[in-house]
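Per-entry structural report
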Amino acid sequence: MNIVVCIKQVPDTKGGVKFNPDGTLDRASMLAIMNPDDKAGLEAALRLKDETGAKVTVVTMGLPKADDMLREALAMGADEAVLITDRRLGGADTWATSSTIAAGLKKLDYDLIITGRQAIDGDTAQVGPQIAEHLGLPVISYAEAIKVEGNSVIVQRQYEDRYHEIKAQMPCLITALAELNEPRYMTPGGIFDAFDKEVTVWGRDDLTDLDDANIGLAGSPTKIAKASDKVRKGAGEKVALDPKESVEYIVSKLKEKHVI
Amino acid sequence: MDFTLDKKHEMARQLFREFAQNEVKPLAQEIDETEQFPRENVEKMMKYGFMGIPIPKEYGGQGCDVLTYVMCVEELSKVCGTTGVIVSAHTSLCCDPILTYGTEEQKQKFLVPLASGKKLGAFALTEPGAGTDAQGAQCKAVEDGDSWVLNGSKCFITNGKEADIYIVFAVTDIVEDAKGRKSKKFSAFIVEKDTPGFTFGTKEKKMGIRASSTYELIFQDCRIPKDNILGPRGKGFGIAMHTLDGGRIGIAAQALGIGEGSIDATIDFVKERKQFGRPIAAFQNTAFQLADMKARMDAAKYLVYNAACTKDIYTQDHRTSYSIEAAEAKLFAAEAAMAVTTKAVQLHGGYGYTREYDVERMMRDAKITEIYEGTSEVQRLVISGAMLK
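As named in an unreviewed UniProt entry, chain B is Acyl-CoA dehydrogenase, taken from Pseudobutyrivibrio ruminis. Taken directly from UniProt, the Cofactor (unreviewed entry) text for chain B runs: "FAD". A UniProt comment under Sequence similarities (unreviewed entry) is attached to chain B, and it reads "Belongs to the acyl-CoA dehydrogenase family."

Chain A has the name Electron transfer flavoprotein small subunit in an unreviewed UniProt entry, where Pseudobutyrivibrio ruminis is given as its organism.

1. Some points on the confidence of the model for chain B
Confidence in the prediction of chain B, expressed as mean pLDDT, is 96, and 100% of residues score 70 or more. If you check the scores for this complex, the pTM reads 0.91 and the ipTM reads 0.93.

2. Focus: the sheet that holds strand S1 (residues 2-6) of chain A
All names here are of chain A. Pairing is mixed across the open sheet formed by nine strands, whose spatial order is S9-S8-S7-S10-S6-S1-S4-S5-S11. Here the strands that pair on one side only, and so sit at the sheet edges, are strand S9 (163-169) and strand S11 (200-202). Taking each pair of neighbouring strands and ignoring which way they run, the sheet shows an average axis angle of 30°. Looking at chain direction, strand S7 (residues 139-149) and strand S10 (residues 172-176) are connected through three bridges and run parallel. From the neighbouring strand, Val 139 faces S10, where its bridge partner is Leu 173. Here helix H2 (residues 67-76) sits on the sheet and contacts strand S4 (55-61) and strand S5 (80-84); the angle it forms with S5, its principal contact strand, is near 165°. Where helix H4 (residues 127-135) meets the sheet, it contacts strand S6 (112-116), S7 and S10, and its direction lies at approximately 70° from that of S7.

3. A look at the UniProt feature "domain: Acyl-CoA dehydrogenase/oxidase N-terminal" (unreviewed entry) in chain B
UniProt's entry tags residues 7-118 of chain B with the feature "domain: Acyl-CoA dehydrogenase/oxidase N-terminal" (unreviewed entry), counted in the numbering of this structure. End C-alpha to end C-alpha, residues 7-118 of chain B measures 29 Å, and it is 75% helix and 0% strand.

4. Some details on the packing of helix H3 (residues 66-79) of chain B against helix H4 (residues 81-101) of chain B
All names here are of chain B. Interaxial distance between H3 and H4 falls to 7 Å at its minimum, and their mutual angle equals 155°. By the angle between their axes, H3 is roughly antiparallel relative to H4. Residues Tyr 69, Cys 72, Val 73, Leu 76 and Ser 77 of H3 lie in contact with H4, whose contacting residues are Gly 81, Thr 83, Gly 84, Val 87, Ser 88 and Thr 91. When grouped by side-chain class, the residues that make up the contact of H3 with H4 number five nonpolar, six polar and no charged.

Procedures and definitions
Residues numbered from 1 in each chain as written. Chains lettered and ligands numbered in written order. Predicted model: local features only at pLDDT ≥ 70, side-chain atom pairs only at ≥ 80, totals over all residues. UniProt positions renumbered as here; feature names shortened; annotations may be inferred. pLDDT = per-residue confidence, 0-100. Pairing = 2+ DSSP bridges. Helix = DSSP H or I, 4+ residues; strand = E, 2+ residues; numbered from the N terminus. Axes fitted to C-alpha atoms, helices over the stretch in contact; angles between N-to-C directions. Contact = placed C-beta atoms within 7 Å. Parallel < 35°, antiparallel > 145°, perpendicular 65-115°, else oblique. Nonpolar A, V, L, I, M, F, W, Y, C, P; charged D, E, K, R; others polar.

See below:
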């Protein structure tokens, strides 16, 4: 069985967030980690590898420094890694990203594709399902448990107050939740091996089944009008009034601000 | 000379740091208090390959280098000196001599389970009457048919009751020189737990590294297979000394970690603690003390990493000795750790003297690094001996 896991390097929430003048994230200057949902997806794939001997390939689209994250995935136990990187692909929204990654996936053998539910930077949860759409595959999102049975996968899909058990024939795509499992640590020997391995690097020109209209910032229908850091709230206003007067005061303020 | 670490070593450090912070740190105070060996964490370290880092893959290890192993002991010791020494004693004092002196059969039988994390190792040289002076040793082994029969006791053995495989040194011969002076010849043996005649004596109640399971080992007509002699008969002293050269690098790394860990804890504290209306970090004395502490531990780090890299060269070319580098690293790092943890307690004031704060434990843990695997005085003998020969 061939499992491909799509992973993304995202800003470490412990570091500061910086933006480019065009409103997109300045990824080059931020500390980066493997997106938590993606890491859970990778762990799920590695557990299937432990059980069935499946081959696990990780794929990412990003800056050359995403190589670090791919090595981390190799050190955890992935067999192969692919980095899709090209300046022409920069500034991609979910549409351009999923179009590009799908074009990359067409070059690989897969029975099962696992992506994270969503990345902690964009929080759209769109790329996984879009990839499935591009590839014409069934998709099961919000996986909180995954089991392989013959040529099918059985997935518990998280729902508000219950879960759905969904069976799909492979090839298919699953989006994983961070709650799916607790990802393993790397091993020291795995790290050394990871740096001896070759990471496959694909540029725009290696992706033949891809239209230029669907890549990069220009191929992104999403236009960011403005992006900014969270604005700090002021200290607020303290008033000492009895309860009845307080209510009147609050109501008058809300009216003043056109809230009510 | 290039002092920067390459990417794979940086990633290894990141792994050890995450593991130490997530798994080891939350238990450090508790196991110090209860003296409970951290079995669960040791099993996790076994699972993730921490117990065979510098051992070749063909013998169940991770196939990394000594520098990576040293960083592992350092990062673990930053949060828990006990966990650091468990890894160090297992790797340097049990796996390493089998790798260096063992036969292929011994490596397959003992090293593979040790390095792959199925079994835990220990090293038994010290006796009640023989510490630095090895000639005081009483434990002896006598050849009998296809066995060796061990009698005697060993004390202060790290991983004592928890280990599965022990390297035990015993007197096998007494030789006379031309002037008729007698001296004892030692041999090294591999002894498995549960061998009849091998039992445990008292558990030591220690000042620091309190959860590391330090026991007395007792051998009473303990019969071990003849094939379990490690290295040539009568060459045990050399094996012990060479093994301790490597062990000292592990302990130097432990000392380095303890010292660095006390600085980390102190930085957090001095930013929070307020006196005279401002954090004590704002006082120049605090800042200057911290600067001295960091400079001292960084100097120790270079000596420790240098010793590790020299041992790595030895791995490829056995003519390279790392004895002096190891002695210097251990001497300096241990004394730096003691001085720096003492300063860390001082900067914590009264709080530093209570068990609420990590630095109290770190100061107690630091002390042993000046004593075991060769006291600071022994390290001075080793270094000056080479200078004055």
